[in-house]
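Report on the structure
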Protein chains: 2
Amino acid sequence: MNNPGTVTGLTAVILAVTEETPRVLVVRRMSHDLATPAQLGSVDPDVDSPDTFPFGPFDPVRHRTLESGLRQWVEEQTGLDLRYVEQLYTFGNEFRDPRELHGGPRLVSVGYLALTRESPVAGTGDAEWRDWYSFLPWEDMREGSPKLIETVIRPALRTWIDQAADRATREQREERVSVCFGFDAAAPRDPVRTLERYELLYEADAVIETHRDRLAIQRARGVTPTEPDPRALESARLLGAPMALDNRRILATALGRIRGKLAYRPVVFDLLPTEFTLFQLQRVVEALAGKRLHKQNFRRMLMAGDLVEPTGRMDSSGRGRPAELYRFRRGVAQERAIVGVTLPSISAAE
Amino acid sequence: MNNPGTVTGLTAVILAVTEETPRVLVVRRMSHDLATPAQLGSVDPDVDSPDTFPFGPFDPVRHRTLESGLRQWVEEQTGLDLRYVEQLYTFGNEFRDPRELHGGPRLVSVGYLALTRESPVAGTGDAEWRDWYSFLPWEDMREGSPKLIETVIRPALRTWIDQAADRATREQREERVSVCFGFDAAAPRDPVRTLERYELLYEADAVIETHRDRLAIQRARGVTPTEPDPRALESARLLGAPMALDNRRILATALGRIRGKLAYRPVVFDLLPTEFTLFQLQRVVEALAGKRLHKQNFRRMLMAGDLVEPTGRMDSSGRGRPAELYRFRRGVAQERAIVGVTLPSISAAE
DNA sequence: TAAACTATACTCAAATTGAGCATAAAAGCG
DNA sequence: CGCTTTTATGCTCAATTTGAGTATAGTTTA
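Here goes a summary of the coordinates provided. Source: prediction; values computed, not measured.

Attention shifts here to helix α7 (residues 247–262) of chain B. Here α7 of chain B spans 22 Å end to end across 16 residues, near enough to the 22 Å set by a 1.5 Å rise per residue. Along α7 of chain B, 14 of the 16 residues are buried, which leaves the element largely enclosed by surrounding structure.

Laid out in structure tokens, this is it:
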């Protein structure tokens, strides 16, 4: 086999929040330069043209840095005004791009997280905003623990635990499941561990990607595909909308990162308009955290951190008593910002 | 100018701790594949053959993942048994590799942090362990604030603040300096913000790399080099040993990451032998954190987190009362490990 | 006018954190 | 041997932070 080398590209996870709804920008077709996703041995018809994140090759002649490269083509292609931008992770696994199975190059992709205030996407019409929890439904605990955790995830993980070859493996799996999803009352669920949860589900054959990838690899290698358990497949299809390649893994990485960042950097403000009520701010934080917060404590924390200041104006558009409008204290908190917004963990009880 | 494309490589920051001394593995010459660092317009003779981190190109044919690639060549070349390995950041700035100035390709390098128990480096003889604080001396607060903070850093940053063009910039710089180094009593110094500190020093022309890079770029562009202020140069030479390329920035990234990780993952144990006294453990954490810890509180935290268990054996090699030997509770804490080792911030007073 | 909803001020107990005191057990040294 | 030095280990205490309420006020909507 010849050495097809590597292709280096940039993947953008662009987040916004409208009112209560968290959104991420996805494209239906892959970008021109890497068009037509190779036929994956698709397990599920839905997977045939699944969503991807905006992707562009990195051109060192045009771009001084990876970040400026990303900013430039995202702004060119979507017209969005990216605010906070942060490098996430570089993904370089074998067969990330299924074309590698047929002799294509390794696709090394530097993932970036970008925050913006939501606005209609200009430019190429194939990009659209989607609720990010439609891809990772088990991460949204705002209305309590979603039903599919008990009905789909728990049984699937139970099966996986029971399939352990020996006692030690079995106990390790039990512990891991318990920690990731907080089933054990002793270890409350940590909102930041999104990637671990996704990877656990992937390993446990609980998401559709596991089956898809296995099948694709087996086909490319000329091995007779193993017939997946129909019950496992059906269960996997219930676990959120699929995405192409490892894009759901990337989304999980992004979500974990932004949740972690929340605690020590005032990043929320890059998702909000210049002026906002404290309750709007809280709604956005809740959308990110995937859980409800205690209102009084939330504002206490904001005040203690000197993160916001009142504008004097009021917002009467809401239903109840009008709330005062605040603005982010740029400058001071910008740098200081040892304080962010702390997220409590989610107790197993709730 | 033709398009020379990119080269994708892997950079390894390998850390170990011997007794009290933190160590990082550096090589004197660059690895074969990217040998002979181009002549940087070296400001300082010492910079002519500076240390670099082990670097190797990424070969997608041999390596299924970036991490396995890194593990493989590091273990081949050094014989070290890498334990914890984590991706740090991908560096792709213009002119990272000075050969780019002369038409070379962009060097995109995926940085990895690796922990190992120190052992003599086998294999190619040009690798050696160095105290990592020799490169970032302002990060070691174990014996109180190092003198060079007051004698070198503070004056240099003062000059930078005074050079601000306008009042707003000036205040921003003041705030930033104060937050990074904790000069202001209100904002204690955060051990995790190592990268911010390095970048601040770089921007403020306080480290030698700023001068080196500026000169190199000016020469390559055929611009007459600006003569650097001799006092600034002299001061910059006092700020730790230099490294090639952006390797000190990478080290700062690594140090910040491991310090942050300490708080929520039991990574220290990958630097220790199987059995250790609590005091040895504390010494290692202190080496990482760059500050001294309260002994009693430290063990209280360990016990609360169930991270270690006594072996029953005693260590009598020390001078005082023999200490009990402990081992890391693998398995349980491995996964649970919401608890790590929390680092207090460093108050300005001390 | 009541019900519903939102804003905002306070309180309180539990848990966490930073710092110290006290005592125990060894080694080294006169 | 007795004294100093050094390290280990158990325990207390106050300050702060955190999670969860109670109480009351100001608006809109049925």
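Residues and elements named next belong to chain B. The sheet built from three strands is open, its strands ordered β7-β9-β8 with antiparallel pairing. Of all strands in the sheet, those with a lone pairing partner are β7 (275–277) and β8 (308–315), marking the two edges. For this sheet the average axis-to-axis angle between neighbouring strands, irrespective of direction, equals 40°. The pairing of β8 with strand β9 (residues 323–328) spans five bridges and is antiparallel. Bridge pairing links valine 308 to phenylalanine 328 in β9. Helix α8 (residues 278–289) rests against β7, β8 and β9 of the sheet, and its axis sits at about 85° to β7.

A few words now on the protein's contact with DNA strand C. Near DNA strand C, the surroundings consist of 18 residues, among which Lys295 and Arg299 of chain A together with His294, Gln296 and Asn297 of chain B are the closest. Backbone atoms, meaning sugar plus phosphate, form 49% of the atoms of DNA strand C positioned within 4 Å of the protein. For DNA strand C, a phosphate oxygen lies 2.9 Å from a polar atom in the side chain of lysine 295 of chain A. Here a base nitrogen of DNA strand C and a side-chain polar atom of arginine 321 of chain B are 2.9 Å apart. Taken together, the elements giving at least two residues each to the surface near DNA strand C come down to α9 (295–305) and β9 (323–328) of chain A together with α9 (295–305) of chain B. Broken down by class, the residue content of the surface near DNA strand C amounts to five nonpolar, five polar and eight charged.

A separate point is the environment of arginine 130 of chain B. All names here are of chain B. Of note, arginine 130 is situated in strand β6 (residues 127–131). For the pair arginine 130 and valine 24, spaced 106 residues apart in sequence, the C-alpha to C-alpha distance is 5.4 Å. Here arginine 130 is in contact with Pro22, Arg23, Val24, Val26, Arg28, Asp51, Phe135 and Ala241, once residues within four sequence places are set aside. Side chain to side chain, arginine 130 and aspartate 51 meet in a polar contact 2.4 Å long.

Turning to the packing of helix α3 (residues 167–181) of chain A against helix α4 (residues 194–203) of chain A, a few remarks are in order. Residue and element names in this part refer to chain A. Across the interface, α3 lies against α4 with an axial gap of 9 Å and an inter-helix angle of 140°. If you check the angle between α3 and α4, you find them oblique. In this structure, α3 crosses over α4, and the sense of that crossing is left-handed. Of the residues in α4, those touching α3 at Arg176, Val177, Cys180 and Phe181 are Glu196, Arg197, Glu199, Leu200, Leu201 and Glu203.

For β7 of chain B and β9 of chain B, the ladder comprises three bridges, and the chain directions are antiparallel. Paired with glutamate 275 of chain B across the bridge in β9 of chain B is arginine 327 of chain B.

With respect to spatial proximity, 19 residues lie near DNA strand D, and among them Gln296, Arg319 and Arg321 of chain A together with Lys295 and Arg299 of chain B are the closest. Among atoms of DNA strand D positioned within 4 Å of the protein, sugar and phosphate together represent 49%. A distance of 2.6 Å separates a base nitrogen of DNA strand D from a polar atom in the backbone of arginine 321 of chain A. One nitrogen or oxygen atom from the side chain of lysine 295 of chain B is found 2.8 Å from a phosphate oxygen belonging to DNA strand D.

This part takes up the sheet that holds strand β8 (residues 308–315) of chain A. Residue and element names in this part refer to chain A. Strand order in the open sheet formed by three strands is β7-β9-β8, and the pairing between neighbours is antiparallel. Edge strands, defined here as strands with exactly one partner in the open sheet, are β7 (275–277) and β8. With strand direction ignored, the average angle separating the axes of adjacent strands in the sheet is 40°. Along the sheet, helix α8 (residues 278–289) contacts β7, β8 and β9; its crossing angle with β7, the most-contacted strand, is approximately 85°.

Now for the packing of aromatic side chains. Per the stated rule, a full pass over the model turns up 12 aromatic pairs over all chains. Centre to centre, the rings of tyrosine 198 of chain A and tyrosine 202 of chain A are 6.3 Å apart; their planes meet at 40°, and the pair counts as tilted. Remark: tyrosine 202 of chain A and tyrosine 198 of chain A occur in helix α4; sequence separation between them is four residues, near one turn of the helix. Taking 4.1 Å as the distance between ring centres and 10° as the angle between the ring planes, the aromatic pair formed by phenylalanine 269 of chain A and phenylalanine 328 of chain A counts as stacked. Of this pair, phenylalanine 269 of chain A sits in the loop between α7 (247–262) and β7 while phenylalanine 328 of chain A sits in strand β9; the two residues are 59 residues apart in sequence, bridging distant segments of the chain. The class for phenylalanine 269 of chain A is buried, based on a relative accessible area of 3%. One aromatic cluster is present, formed by Phe269, Phe276 and Phe328 of chain A through successive ring pairs. In this arrangement the basic side chain of lysine 295 of chain A is found over the ring face of phenylalanine 279 of chain A, its NZ or CZ atom lying 4.4 Å from the centre. Directly above the aromatic system of phenylalanine 183 of chain B lies the positively charged group of arginine 154 of chain B, at a separation of 4.1 Å from the ring centroid.

Within the element layout of this structure, threonine 8 of chain B appears in strand β1 (residues 6–18). The exposure class assigned to threonine 8 of chain B is buried, which follows from its relative accessible area of 7%. In terms of polar contacts, threonine 8 of chain B uses its side chain to reach the side chain of threonine 8 of chain A, at 3.2 Å. Those residues in contact with threonine 8 of chain B, other than ones at most four positions away along the chain, are Thr6 and Thr8 of chain A together with Pro57, Phe58 and Val108 of chain B.

The tendency in soluble globular proteins is for nonpolar side chains to be buried side by side. Counting 64 residues, the largest nonpolar core has Val13, Val24, Trp132, Trp138, Phe269, Leu281 and Val308 of chain A as its most contacted members. Those residues within four positions of phenylalanine 269 of chain A in sequence are excluded, and the remaining contacts are Arg117, Phe276, Leu281, Leu307, Val308 and Phe328 of chain A. Counting 63 residues, the second-largest nonpolar core is a separate cluster that includes Leu15, Val17, Val24 and Ile149 of chain B.

Here is what the cut-offs are and how they apply
Residues numbered from 1 in each chain as written. Chains lettered and ligands numbered in written order. Predicted model: local features only at pLDDT ≥ 70, side-chain atom pairs only at ≥ 80, totals over all residues. Heavy atoms only, no water. Helix = DSSP H or I, 4+ residues; strand = E, 2+ residues; numbered from the N terminus. Expected span 1.5 Å × (residues − 1). Buried < 20%, exposed > 50% of the residue type's maximum accessible area, 1.4 Å probe, protein only. Pairing = 2+ DSSP bridges. Axes fitted to C-alpha atoms, helices over the stretch in contact; angles between N-to-C directions. Contact = heavy atoms within 4.5 Å. Near = heavy atom within 4 Å. Polar contact = N/O pair within 3.5 Å; in protein donor to acceptor, adjacent residues only side chain to side chain. Nonpolar A, V, L, I, M, F, W, Y, C, P; charged D, E, K, R; others polar. Parallel < 35°, antiparallel > 145°, perpendicular 65-115°, else oblique. Left-handed = near helix turned anticlockwise from the far one by under 90°. Phe/Tyr/Trp six-rings, centres within 6.5 Å; stacked < 30°, edge-to-face > 60°. Lys NZ or Arg CZ within 6 Å of the ring centre and 35° of its normal. Core = buried A, V, L, I, M, F, W, Y, C linked by side-chain atoms within 4.5 Å.

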